[in-house]
Amino acid sequence: MAKQIRMVLIDLSGTLHIDNTVIPGAVEALNRLRNANIPLKFVTNTTKESKNVLHNRLTKLGFEIKKEEIFSSLAAAKRLIASRKLNPMLLIEPAANEDFEGLVKSNEKANAVVVGLAPNKFHYDVLNEAFRLLLDGAPLIAIHKGRYYERPDGLALGPGAFIAGLEYSANVKAEVVGKPTAEFFRAALEDILPEDAVMIGDDVRDDIAGAQAVGIKGVLVQTGKYRKGDENTITPSPTKVCNSFVEAVEHILRMEI
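Residues numbered from 1 in each chain as written. Predicted model: local features only at pLDDT ≥ 70, side-chain atom pairs only at ≥ 80, totals over all residues. Heavy atoms only, no water.

Draft legend 1. Region of the structure containing the pattern of salt bridges. A complete count under the given rule lists 15 salt bridges for this structure. Among the ionic pairs, E250 bridges to R32, the shortest N-O distance being 2.2 Å. Placement of E250 in helix α8 (residues 245–253) and of R32 in helix α1 (residues 26–35) is noted, with a sequence separation of 218 residues between them. Overall, the relative accessible area of 23% leaves E250 in the partly exposed class. Taking relative accessible area as the criterion, R32 reaches 40% and is therefore assigned partly exposed. A salt bridge links K41 to E190, with the shortest nitrogen-to-oxygen separation between them at 2.7 Å. Of the two residues, K41 sits in strand β4 (residues 40–44) while E190 sits in the loop between α6 (182–189) and β12 (197–201), which places them 149 residues apart along the sequence. With relative accessibility at 8%, the residue K41 sits in the buried group. Here the salt bridges share partners, and the residues they tie into one network are R32, E250, R254 and E256. (Salt bridge = Lys/Arg side-chain N within 4 Å of Asp/Glu carboxyl O. Helix = DSSP H or I, 4+ residues; strand = E, 2+ residues; numbered from the N terminus. Buried < 20%, exposed > 50% of the residue type's maximum accessible area, 1.4 Å probe, protein only.)

In structure tokens, the structure reads:
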């Protein structure tokens, strides 16, 4: 069965690491999976930092990951903005600005609102500025609508709550470009058929339900933002539930997925 798996999609935050803490055994498990010669891609909704910053963080944590193997919602948002020639108001953290260089014309009025995870910008004045742009007809683009994410001190609000507030007040609907959209997963797969791929992640909705909706097998890991009973909240249920990335890799290598 393992020979039929032509790609493994792997979430990052909560699956391989939490901030600067590695999930126990994840580095070694990833090396074992890579040694099995199965193509890997790291799919992430992380918007706190650019691909360069994220890659440097992962490398320092001990993961052998090529920069081109990282497929992020930031990259998907950048392509969308460029293709539509938008001048966005960016609600993202400064560490992620690098991925949008050349796209923002500061001498022109913004004509789109693009929201990622930006705790330092989720305050009244900035959100009110975004609200007024939306009232003027600017589209609302959500890099992702995560409900929450895991930090070393526990769960924290994701951008979804603030995007929902803007949707409600401006009477608009956000266009989502990251997980769990079908377009995001299909773009990550490139020419690989969904039934030949596996997705490993800690978010039952964005990682697992999103992947399974396009035909990718979903393996839910009980780390990161996972909470007891998450596997019972989606239909169909995850293909497999594992206590960590390490166990997920074991099942793949033993041809049990």
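Draft legend 2. Structural detail: the packing of α1 against α8. Interhelical geometry of α1 versus α8 gives an angle of 20° and a closest axis separation of 9 Å. The orientation of α1 with respect to α8, classified from their angle, is roughly parallel. Crossing angle aside, the handedness with which α1 passes α8 is left-handed. Side by side, α1 and α8 meet where A26, A29, L30, R32 and L33 of the first sit next to F245, V246, V249, E250, I252 and L253 of the second. In terms of residue class, the contact of α1 with α8 is made up of nine nonpolar, no polar and two charged. (Axes fitted to C-alpha atoms, helices over the stretch in contact; angles between N-to-C directions. Parallel < 35°, antiparallel > 145°, perpendicular 65-115°, else oblique. Left-handed = near helix turned anticlockwise from the far one by under 90°. Contact = heavy atoms within 4.5 Å. Nonpolar A, V, L, I, M, F, W, Y, C, P; charged D, E, K, R; others polar.)

Draft legend 3. Representation of the sheet that holds strand β14 (residues 240–242) in the model. Strands sit in the order β5-β4-β1-β12-β13-β14 across an open sheet of six strands; the sheet is parallel. The sheet is open, and its two edges are formed by β5 (70–72) and β14, each paired on a single side. Pairwise comparison of adjacent strand axes, ignoring direction, gives a mean angle of 25° for this sheet. Inspection of the sheet shows β4 paired to β5 by three bridges, in the parallel sense. Within β5, the residue paired with V43 across the bridge is F71. Relative to the sheet, α8 contacts β1 (7–10), β12, β13 (217–221) and β14, its axis offset from that of β14 by approximately 135°. (Pairing = 2+ DSSP bridges.)

Draft legend 4. Summary view of unusual backbone geometry. Look at the link from K179 to P180: it is a cis peptide, with omega at 15°. That bond from T235 to P236 is cis: its omega, 0°, falls within 30 degrees of zero. Counting through the fold element by element, P236 comes out in the loop between β13 and β14. Phi is positive for K85, close to 55°, though the residue is something other than glycine. Locating K85 in the fold gives a position in the loop between α3 (73–83) and β6 (88–91). In this structure K85 comes out as exposed when scored by relative accessible area, which is 70%. The backbone phi angle of N171 is positive, close to 55°, even though this residue is not glycine. Mapped onto the elements of the fold, N171 is located in the loop between α5 (160–170) and β11 (175–176).

Draft legend 5. Summary view of the environment of G160. One can find G160 in helix α5. Taking the relative accessible area as the measure of exposure, G160 reaches 11% and is therefore buried. Apart from the residues lying within four places of it in its own chain, the contact partners of G160 are K145 and G146.

Draft legend 6. The arrangement of the sheet that holds β11 in detail. Taking strand neighbours across the sheet as the criterion, the four strands line up as β6-β7-β8-β11 in an open arrangement whose pairing is parallel. Of all the strands in the sheet, just β6 and β11 have a single pairing partner and so form its edges.

Draft legend 7. Region of interest: the environment of G116. Checked against the element boundaries, G116 lands in the loop between β7 (112–115) and α4 (124–135). We classify G116 as buried; its relative accessible area is 0%. Through-space distance from the C-alpha of G116 to that of E69 is 21 Å; in sequence the pair is 47 residues apart. Sequence-distant contacts of G116, defined by excluding residues within four places in its chain, comprise T47, L91, I92, F122, I143 and P159.

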